Structure formats: C-alpha cells, structure tokens
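# Working through the structure, step by step
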Amino acid sequence: MGVETVGAMVVFVDGKPAKSEYRRFRLKGAWMIDPVTGKPHPDDYAAMREMLIRRFRHYVEGNPKFTELPDLLLVDGGKGQLSVAMQVLQEFGLNIPVAALAKEHELLYAPHSEAPIALPFNSPALHFLQRIRDETHRCALGYHRKRRLQKALRTLLDEVPGVGEVRKKALLQHFGSLKALLQASVEELAKVPHMTRKAAETLWQFLHGQHAHQQ
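All values reported here derive from a predicted model rather than from experimental measurement.

## Regarding the overall build of the protein
- Counting its secondary structure elements, the protein contains seven helices and nine strands.
- Looking at the 215 residues of the protein, the share that counts as buried comes to 37%.
- Of the contacts made within the protein by residues no fewer than 6 positions apart, 51% connect residues no fewer than 24 positions apart.
- In the form shown here, the protein has an accessible surface area of approximately 13,600 Å², with 54% of it arising from carbon and sulfur atoms.

## As for unusual backbone geometry
- The phi dihedral of Asp14 is positive, around 55 degrees, even though this residue is not glycine.
- Within the secondary structure layout, Asp14 lies in the loop between strand 2 (12–13) and strand 3 (16–17).
- Assessed through its relative accessible area of 76%, Asp14 is described here as exposed.
- Phi angles above zero are rare outside glycine, and Glu106 is one such case at about 55 degrees.
- On the accessibility criterion, Glu106 (12% relative accessible area) is buried.

## Considerations on the confidence of the model for the protein
- Summary statistics for the protein give a mean pLDDT of 84 and a share of 84% for residues scoring 70 or more.
- Confidence drops under a pLDDT of 50 for residues 211–215, and excluding neighbours within four residues, the segment shows one contact in the predicted structure.

## Notes on the pattern of salt bridges
- For the structure shown, the criterion picks out eight salt bridges.
- A salt bridge links Glu50 to Arg54, with the nearest nitrogen and oxygen atoms 3.4 Å apart. Taken together, the residues span about one helical turn, with Glu50 and Arg54 both in helix 1 (residues 44–60) at a distance of four residues.
- A relative accessible area of 17% means that Glu50 is categorised as buried.
- Given the relative accessible area of 30%, Arg54 is considered partly exposed.
- The partner of Glu201 in a salt bridge is Arg197, with the nearest N and O atoms 3.0 Å apart. Remark: Arg197 and Glu201 occur in helix 7 (residues 197–214); sequence separation between them is four residues, near one turn of the helix.
- Judged by relative accessible area, which is 32%, Glu201 ranks as partly exposed.
- A single salt-bridge network, built from bridges that share partners, covers Glu106, Arg133 and Asp134.

Definitions and limits used
Residues numbered from 1 in each chain as written. Predicted model: local features only at pLDDT ≥ 70, side-chain atom pairs only at ≥ 80, totals over all residues. Heavy atoms only, no water. Helix = DSSP H or I, 4+ residues; strand = E, 2+ residues; numbered from the N terminus. Buried < 20%, exposed > 50% of the residue type's maximum accessible area, 1.4 Å probe, protein only. Contact = heavy atoms within 4.5 Å. Areas by Shrake-Rupley, 256 points an atom, 1.4 Å probe, with all protein chains shown as cover. pLDDT = per-residue confidence, 0-100. Salt bridge = Lys/Arg side-chain N within 4 Å of Asp/Glu carboxyl O.

Below is the structure:
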C-alpha cells in the first residue's frame, strides 16, 4: 500500500484454515524508483519475491516450524506474480504445484498454460480459491492497519518530553495501541519498565491534552 508494506500467508488444511500456521511479513525491499519522477513507489513483484524467499528459506534451512511443503502454492495476482513464484521455487530447487488467481476477472494462471483458466463462477473449486484469497487479504489488511497504528503511536511518543527510545519501546510493548495508552492511569504508566512517576505524569498530561485538542 506504499506505507508500511506488508504481506500475508495463510494455510488451509483439508479445506479449513489452519490459523496457527498463518504468517505475516513486514516487507522492507518492496520499492522501486520511478524513472520519470525519480520518486520511490511500491514494487508488487519485489514484495512477492521477498515474502516467498523468506517463507521457503525457513524450509530449506531446516526451521522446525516449517517442516512441510504445501500441496499447492497459490499466489495473489496474475501472470507476473506467477512468474515470480516459479523463479523463487526454482532457485530453492523446490517442486511444488503453483498457481495465481487474478481478482479482476477471477482467472487462474498455471505454469506452462498458454491461456489463463476461467473456472465457472458457480464452481465450488473457484469458490474455495476465492475463500483462500479473501482470507489472505483479510489477514494482510489487519496486519497493515496494526502497523500503521503502531507507527502513528511511535510518532506521537516522539513528541513527549522525557520519553526516549528505551521508554518508547517499553510503552509500545506494554500497551500496543493508543486506545490502551489513553485508558491507562498515571499509576499504570509509572509501572512500565524504565518509567518514573514524573515521566508518567508528563506523558499522561501530554496524551490527554493532545487527545482533548484532537476531539
């Protein structure tokens, strides 16, 4: 989305979501420079590549949390995204069936197929693939929203006198959201590691002054 770029991986086993196997990725290298404007903008292919490399590297390196390969790797997108997935699998020497589902016309792209596959709109197979794709979107959007809120909270804490990096990190880990922080009393703020009573009072006054002003 251009800000806090993220990716998500969902897993379905026997037709049902296995949520304990879901993974979310914060993508750092998913950018390219526009040759005309000279400005950076999101690179969907780079994002897809980075996420797949990070996922399958775990398997290749013997991470005990990634001991099984999927029966099918389904990526969100069209022919370009499918090509990226095939390249990554080839680089790792993995032989996994792979396909891409493009949302605009709900076309399924498969390797070595000259034309995309158009499954009937009443097809249970298409409905299942759409369910997987939509669950991935839900997972990614939820993570993206969380990352943006955390970034906004970090930015807000940067403005508070007496709250440096150590205290900011402790507050973020303890509360996690602006809502939780606003609901905290001075006593609760003071109990956070590295905080003092004076720092807690300053933070409480700053937060509630800012919040009242925004309201």
